[in-house]
Number of protein chains: 2
Amino acid sequence: MRSPEPRFAYIASVIAEPSRARMLALLLGGEARSAGELARAVSITPQTASTHLAQLLDAGLVKLRAQGRHRYFTLADADVAHLLEALSLVVERDDVRSRWDTPAYKPLKYARSCYCHLAGELGVRQRDALLAQRVLVHGADGALTLSQDAAKWLRNARFGDDAIASLQRDATKKRFVYSCMDWSERREHLAGVFATRLLTHFVEMGWLRKDKTGRALATTPPGVRALSMLFG
Amino acid sequence: MRSPEPRFAYIASVIAEPSRARMLALLLGGEARSAGELARAVSITPQTASTHLAQLLDAGLVKLRAQGRHRYFTLADADVAHLLEALSLVVERDDVRSRWDTPAYKPLKYARSCYCHLAGELGVRQRDALLAQRVLVHGADGALTLSQDAAKWLRNARFGDDAIASLQRDATKKRFVYSCMDWSERREHLAGVFATRLLTHFVEMGWLRKDKTGRALATTPPGVRALSMLFG
DNA sequence: CATTCGCTTCGATCCCGCCCGAAGCATTTA
DNA sequence: TAAATGCTTCGGGCGGGATCGAAGCGAATG
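Nothing here was measured: the structure is a model prediction, and the numbers come from that model.

Participant: Got a minute to help me understand the relation of the copies chain A and chain B in this structure?
Facilitator: What relates the two chain copies is a rotation about an axis together with a slide along it. Superposition of chain A onto chain B requires a rotation of 180° combined with a translation of 0.1 Å along the rotation axis, giving an RMSD of 0.1 Å. When the rotation and shift are considered jointly, the pair of chain copies conforms to a two-fold rotation axis. By residue overlap, the copies meet face to face through one surface: 100% of the interface positions of chain A are interface positions in chain B.

Participant: So what exactly am I meant to see when it comes to the environment of B:Leu64 here?
Facilitator: Residues and elements named next belong to chain B. Position of Leu64 relative to the elements: it lies in strand β2 (residues 62-67). As a C-alpha pair, Leu64 and Ser34 span 30 residues in sequence and 9.4 Å in three-dimensional space. Those residues in contact with Leu64 that lie beyond four places of it in its chain are Leu57, Arg71, Tyr72 and Phe73.

Participant: Help me understand the pairing of strand β8 (residues 178-181) of chain B, please; the structure alone is not making it clear to me.
Facilitator: On a regular strand, one side chain projects to one face of the sheet and the next to the other, so that they alternate. Across four bridges, β8(B) lies against strand β9 (residues 188-191) of chain B in antiparallel orientation. Bridging across to β9(B), B:Cys180 finds its partner in B:His189.

Participant: Would you explain the protein's contact with DNA strand D in this entry?
Facilitator: Surveying the vicinity of DNA strand D reveals 19 residues, the closest of which are A:Gln47, A:His52, B:Gly36, B:Ser50 and B:Arg71. Counting only the atoms of DNA strand D that lie within 4 Å of the protein, the sugar and phosphate share comes to 67%. Taking B:Ala35, its main chain carries an N or O atom lying 3.3 Å from a phosphate oxygen of DNA strand D. B:Ser50 has a polar side-chain atom sitting 2.5 Å from a phosphate oxygen of DNA strand D. Those elements that place two or more of their residues in the surface near DNA strand D are α2 (18-27) and α4 (46-58) of chain A together with α3 (35-41), α4 (46-58) and β3 (70-75) of chain B. Split by residue class, the surface near DNA strand D holds two nonpolar, 12 polar and five charged.

Participant: Would you mind going over the domain arrangement of chain A with me for this structure?
Facilitator: Think of interface size as the accessible area that goes away when the parts come together; that is how it is often given. Residue and element names in this part refer to chain A. Splitting chain A by domain gives domain 1 (4-76) and domain 2 (96-230). Taking only C-alpha atoms, the centre of domain 1 and the centre of domain 2 are 27 Å apart. With nine residues of domain 1 in contact, the opposing surface of domain 2 contributes nine residues. For the pair domain 1 and domain 2, the summed buried area comes to about 640 Å², and 46% of that belongs to carbon and sulfur atoms. A per-residue breakdown of the area domain 1 buries against domain 2 is headed by Leu28, Gly29 and Glu31, which together make up 55% of the total. Our count for the contact surface shared by domain 1 and domain 2 stands at one salt bridge. Ionic pairing is found between Lys210 and Glu31, a salt bridge with its closest N-O pair at 3.5 Å.

Participant: Any chance you could explain the nonpolar core here in plain terms?
Facilitator: Counting 68 residues, the largest nonpolar core has A:Ile15, A:Leu61, A:Leu75, B:Ile15, B:Leu61 and B:Leu75 as its most contacted members. Those residues within four positions of A:Ile15 in sequence are excluded, and the remaining contacts are A:Ala21, A:Leu24, A:Leu61, A:Leu83, A:Leu84, A:Leu87, B:Phe8, B:Ala9 and B:Ala12.

Participant: Looking at this model, I keep getting lost on the pattern of salt bridges. Mind explaining?
Facilitator: Note that side chains of opposite charge can pair when their charged atoms are close. Residue and element names in this part refer to chain A. This model, assessed by the stated rule, comprises 22 salt bridges over all chains. Between Glu188 and Arg127 there is a salt bridge whose closest N-O contact spans 3.2 Å. Taken as a pair, Glu188 in strand β9 (residues 188-191) and Arg127 in helix α8 (residues 121-132) lie far apart in primary sequence, 61 residues in all. For Glu188, a relative accessible area of 17% translates into the label buried. One network of salt bridges, with partners in common, ties together Glu85, Arg112 and Arg215.

The rules behind these values
Starting afresh in each chain, residues are numbered from 1 along the sequence in its written order. Whichever chain is written first is A, and whichever ligand is written first is 1; the rest continue in order. Owing to the predicted nature of the model, reporting of local features is limited to residues with pLDDT of at least 70; listing and counting of side-chain atom pairs is limited to 80 or more, with chain, interface and lining totals taken over all residues. Side-chain measures here rest on the full set of heavy atoms in the structure, leaving out hydrogens and waters. A residue counts toward the fit only if its pLDDT is at least 70 in both copies, and the copies are then superposed by least squares on the C-alpha atoms of those residues. Contact definition: two residues touch when any of their heavy atoms are within 4.5 Å. We count a stretch as a helix when DSSP gives it H or I for four or more residues in a row; a strand needs E for two or more, and each element gets its number in order from the N terminus. For two strands to pair, DSSP has to find at least two bridges joining them. It suffices for a single heavy atom of a residue to lie within 4 Å of a molecule or strand for the residue to be listed as near it. Contacts described as polar in this section are N or O atom pairs within 3.5 Å, which, within protein, must combine one atom able to donate a hydrogen with one able to accept it, while residues neighboring in sequence count only if both atoms come from side chains. Three classes are used, and their members are as follows: Ala, Val, Leu, Ile, Met, Phe, Trp, Tyr, Cys and Pro are nonpolar, Asp, Glu, Lys and Arg are charged, and the others, Gly among them, are polar. As annotated, the domain borders come from an automatic or database domain assignment. Here's the idea: put two parts together, see how much 1.4 Å probe accessible area each one loses, and the total over both is what we call buried area. Each salt bridge in this description consists of a side-chain nitrogen of Lys or Arg and a carboxyl oxygen of Asp or Glu lying within 4 Å of one another. As used here, the term nonpolar core means buried Ala, Val, Leu, Ile, Met, Phe, Trp, Tyr and Cys residues forming a set that is joined through side-chain atoms within 4.5 Å. For each residue, the accessible area found with a 1.4 Å probe, counting protein chains only, is set against the maximum for its type, and the residue is called buried under 20%, exposed over 50%, and partly exposed in between.

Here's what the structure looks like:
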């Protein structure tokens, strides 16, 4: 009982520094960012950013992919993303309505990428639709799985045959798809590998587009048609 | 996009202070603790504890119930508990196996109270059993609800008729019962009002007993019989 | 090989916040 | 009323860590 708490406080302290917090918030969009990019985004010098990023690495909150003379950072895994979303839930708890109804927050409330999957109103709608249409079903143990006739829906969503086969192969893996709480909607939305592939696909098809922050998602005109068909 | 992050970092910084972190970990057990009790538990003077508790209140992480010359603190709500559990998940992520397999962690891994509901192996088992026995079912929207014939199971669990009626009345409310991730088991367990009442009942019946930390739960001999019947 | 670019390490400064002693306030008990 | 208990506020000392300038290192570019 004594040993976990120091580390408990330690992880929190790493998140607690304002510049690091802003970096993590940026990375919550799901895309990799270089060290310099992050430094500029939070208005600090590269050398300061460097020490911060070293600490984020030490704490295991971010992962590093070195490429030439660039160093690209992403969140370490879904658990970290989950923590940051849970923190957001508490941060915004006091006045969810008033804050989310300001014009600046509209896009973020409508749709955003959370780590790598779809969240916000559209994320909740996606989960409801896939359950209602029996693309996803609850197994005996209560876990969510891909149904027998999910292939039809996936074809409608313009997935290729090979992509569908690949998804069905992965469907048995742990954490392929599961529900998790949405902090703005206070309803559940979809996460996991499956949800990630869906979002990637929607962006590739040009149905959703990420804004400059990499967090908010806008529906394009063809996206409106495609998604209203898919989500009923 | 600019305004939430300062508060984001602020909340993290409140958790980041070691003494406050330990207080929060204690309160995660679900029971109310007085200011002095918390001060002694984390080995600091009352005046230092006082300033820490004031900050926890400011941040909205704890709630206060004044009673005579005592001041009792609890976690503010389930969102805060959820945040702390998500933080634990990241904290323990690196070496889940090695850490949880040490003797000191055995009881905590087996069963513990998380805010006010049952977590750990027993918590996961509880969820599996209630779903398998159709005490809880997934509704059309995928949300968890009390089934028609849950009453039979509740009677077996020695709930009184009035308690059962009260539960069924509350079953329509938001957040009555829902699944959430367990950090030690990496499986889902039950949370919400329903889960809280179950745990309270099990403790009242003498089937489970809280240890001095208020976190770990031990099964008593009659509890072994009762729970193995209820959970199959 | 020399230069530029991205990033890191070192060193010095400075500020924020944790801490406890002392004093003060409110409630309960004698 | 007086004394004890639980808790808070004030003041000053102190340490940890955030910051940036300067210098160093490795990779790409010419």
